[in-house]
Amino acid sequence: MRIGELAARTGVGERSLRYYEEQRLLAADRTPGGHRDYPERAVDRVIRIQELYAAGLHSSKIARILPCMRDEDGGPSLRATPALVDELTTERNRIDRMIDDLLRSREVLDDVIETAAGDALAEPDRNRYEPEGVPRASDP
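Each chain carries its own residue numbering, running from 1 in the direction its sequence is written. Thresholds applied to this predicted model are a pLDDT of at least 70 for local features of residues and 80 or more for the giving and counting of side-chain atom pairs; totals over whole chains, interfaces and linings are not thresholded and use all residues. Working from all heavy atoms in the structure, the side-chain values ignore hydrogens and water.

Engineer: Quick one: what's the story with the pattern of salt bridges, residue by residue and with numbers?
Structural biologist: Throughout this description, the term salt bridge denotes a Lys or Arg side-chain nitrogen within 4 Å of a carboxyl oxygen of Asp or Glu. Going through the model one piece at a time under the given rule, you end up with eleven salt bridges. The residue E21 makes a salt bridge to R36 at a minimum N-O spacing of 2.7 Å. Taken as a pair, E21 in helix α2 (residues 14-22) and R36 in strand β2 (residues 36-37) lie far apart in primary sequence, 15 residues in all. For K61, the salt bridge is made with E87, and the minimal N-O distance between the two is 3.4 Å. Here the residue K61 occupies a position in helix α4 (residues 59-65), and E87 occupies one in helix α5 (residues 82-122), the gap between them amounting to 26 residues. The secondary structure listing takes helices from DSSP runs of H or I that are at least 4 residues long and strands from runs of E that are at least 2 residues long, numbered from the N terminus.

Engineer: Kindly report on the packing of aromatic side chains, identifying the contributing residues and their values.
Structural biologist: Aromatic ring pairs are defined here through the distance separating the ring centres and the angle between the ring planes. Working definition: a ring pair exists when centres of Phe, Tyr or Trp rings (six-membered ring for Trp) sit within 6.5 Å. Plane angles under 30 degrees give stacked, over 60 give edge-to-face, the rest tilted. Under the defined criterion, the tally for this structure stands at one aromatic pair. Look at Y20 and Y53: their rings are 5.8 Å apart centre to centre, the planes differ by 25°, and that puts the pair in the stacked class. Of this pair, Y20 sits in helix α2 while Y53 sits in helix α3 (residues 42-54); the two residues are 33 residues apart in sequence, bridging distant segments of the chain.

Engineer: For the environment of E5, give the residues involved together with the corresponding values.
Structural biologist: Mapping E5 onto the fold places it in helix α1 (residues 3-10). We classify E5 as partly exposed; its relative accessible area is 40%. Measuring from C-alpha to C-alpha, the distance between E5 and V43 comes to 9.8 Å, with 38 residues separating the pair along the chain. For each residue, the accessible area found with a 1.4 Å probe, counting protein chains only, is set against the maximum for its type, and the residue is called buried under 20%, exposed over 50%, and partly exposed in between.

Engineer: Describe the nonpolar core, naming the residues involved and giving the relevant values.
Structural biologist: Buried Ala, Val, Leu, Ile, Met, Phe, Trp, Tyr and Cys residues that are joined via side-chain atoms within 4.5 Å together make up what is termed a nonpolar core. In this structure, L6, L17, Y20, L26, Y38, V46 and L52 are the most contacted members of the largest nonpolar core, which totals 23 residues. Only α1, α2, α3 and α4 provide two or more residues apiece to this core. With five residues, the top contributor of residues to this core is α3. By definition in these notes, contact holds between two residues if any of their heavy atoms fall within 4.5 Å. Ignoring sequence-local partners within four residues, the contact set of L6 consists of M1, L17, L26, Y38, A42, V43 and V46.

So this is what it looks like as structure tokens:
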């Protein structure tokens, strides 16, 4: 398939697909006219690359991980090494810390929302946000 079709099927821009190829994350054959020709399995590969980027991994780490993963289901292949397992464990721990931080942030926001919603019902005029120390237009 041509690059435009791969982009359409994966929702990833052609520029990103070219970058993936530069970084050796994705491979394409060339037609006699020099156009990229991707195999059907490239769709799964691009989706897997996007998942790894979304997890916060950078392209050089993704390049080391991809040969150890099956594209079709993301499961491990037999190429994983103990060193890669250690790296991936470190990455998983980093992601877990990020999730914990986000959950704490969400709890704080929930408390603020709950308090603000209660205040808004009790005092409708307090519905507006006004930073402290900034005079209101109605102040002399």
